[in-house]
Amino acid sequence: MRKFLPSILLMPLFICGCVGMSTTDGSSTKQWISIVSSKSDLDGSTADVCYKLNLRFNPAEAEYRIDTDRACITRCCWYSENKSVQMDFNAGFADDLVEYGTAKKYEPEILTINVSYSPFLKTIHAKAEQKGVIKSDGVVQLEYDQVTKPEQFLDLDFGTQTAKLYRESDTKQGTYLFAPEKKPDTTPQIYTDIKTDEEEPDYNEISDSARQELLKKKLSYERRQAVLLLKRFYNKEIDSYILAIDKAKRAQGLVLMSNDRDWTTVKIGTPIYKVTCKVNGKLGKTPSTMKDFPISCGSYEVNLDEKTVTPIDTAAISIVNGEYMN
């Protein structure tokens, strides 16, 4: 990953955060769940807590099959809205099989974690329905079968493709969610299969409709992976930037609703994507005076083969290097 020297400073801080949060309130009965923040009611009692699952996966690439934000791993989740977390490790199995010609099929397929919080004891507890899957240190141990099929590696004319928009919107406005401290292992996973002549497919025998369907699946898969890889590299930095603007606006007596985040992907190579991040913020003193307040969180070049993410505009470079803090 190449380093960028400080360049043009990003626009002045203008955002504000969402709901008011107090300091961390409470402890955990498990090593792999922690309370990140809390909200208090009018009499000062804890009204809700935002928790995070500190999980790691074995095999490590199983993490790429799940949405780690929704799984409360790369963002904390409010207990009042997320008393149960479910992860489907085989959700992307078909896409992987189409893309790579080989894919892991995990067991258990579904992991369900039930969470409970006691305001009286100020303690959070979590338990997996599938026994023995989560170790005491937070490692999710999965069994798997390596499934292979004849490879159908298809290329795509990226010059004719239009941008695709992915929108992430939390269920409750005005909630700021935090990112994790760690960055993932970005070492590419290499799979090798020995194939006989009978296993090699004849691409010319695939019908036009089947070929187009495979192309669509490949493109959809790549776009999704580009967003995931960007988030794994720089989600913490993007969240820190938004939080800094949040604090600045809060000091001015304003409230920022910054839940909605859009990721626009444009294919610019094979397989290289330009991913642009935008926050659909709303800013005002009261709910009735809220106005649209969009925030740019940068454009990035994502190379899926090299497993690299490079900031390519002023906003992204400033966010990654922390220049907005100067």
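Residues numbered from 1 in each chain as written. Predicted model: local features only at pLDDT ≥ 70, side-chain atom pairs only at ≥ 80, totals over all residues. Heavy atoms only, no water.

S.K.: I'm lost on helix α3 (residues 314–321) in this one. Help?
M.R.: Side chains of residues three or four places apart in an α-helix project in the same direction, reflecting 3.6 residues per turn. Within α3 the residues assigned to the buried category are A315, A316, I317, S318 and I319. A positive phi of about 70 degrees marks G322, the residue just after α3. (Buried < 20%, exposed > 50% of the residue type's maximum accessible area, 1.4 Å probe, protein only. Helix = DSSP H or I, 4+ residues; strand = E, 2+ residues; numbered from the N terminus.)

S.K.: Help me understand the pattern of salt bridges in this model?
M.R.: A pair can form between side chains of opposite charge whenever their charged atoms are brought close. Under the counting rule described, the total for this entry stands at eleven salt bridges. Of the charged contacts in the structure, one is a salt bridge between K267 and E222, with a shortest N-O distance of 2.9 Å. Of the two residues, K267 sits in strand β14 (residues 261–269) while E222 sits in helix α2 (residues 208–251), which places them 45 residues apart along the sequence. Using a relative accessible area of 3% as the deciding quantity, one classes K267 as buried. A network of salt bridges, in which partner residues are shared, links D69, R75, K231, D239 and R261. (Salt bridge = Lys/Arg side-chain N within 4 Å of Asp/Glu carboxyl O.)

S.K.: Would you explain the nonpolar core in this entry?
M.R.: The nonpolar side chains of soluble globular proteins are, as a tendency, buried together. In terms of nonpolar packing, the biggest core is built from 30 residues, with Y51, L53, L55, M87, F89 and I113 touching the most fellow members. For this core, the elements supplying multiple residues, two or more each, are β2 (33–40), β3 (46–53), β6 (84–88), β8 (110–118) and β9 (123–128). Considering each element in turn, this core owes the most residues, four residues, to β8. In contact with I113, not counting residues within four places along its chain, are W32, L53, L55, K83, S84, V85, M87, A126, K127, A128 and I134. (Core = buried A, V, L, I, M, F, W, Y, C linked by side-chain atoms within 4.5 Å. Contact = heavy atoms within 4.5 Å.)

S.K.: Explain the pairing of β9 to me, please; I cannot follow it from the model alone.
M.R.: As a general feature of sheets, a regular strand has side chains that alternate between the two faces. Pairing of β8 with β9, which is carried by six bridges, proceeds in the antiparallel orientation. The residue of β9 that forms the bridge with V115 is A126. Where β8 folds back on β9, the antiparallel hairpin that results is connected by four residues, among which K122 adopts a positive phi of roughly 55 degrees. (Pairing = 2+ DSSP bridges.)

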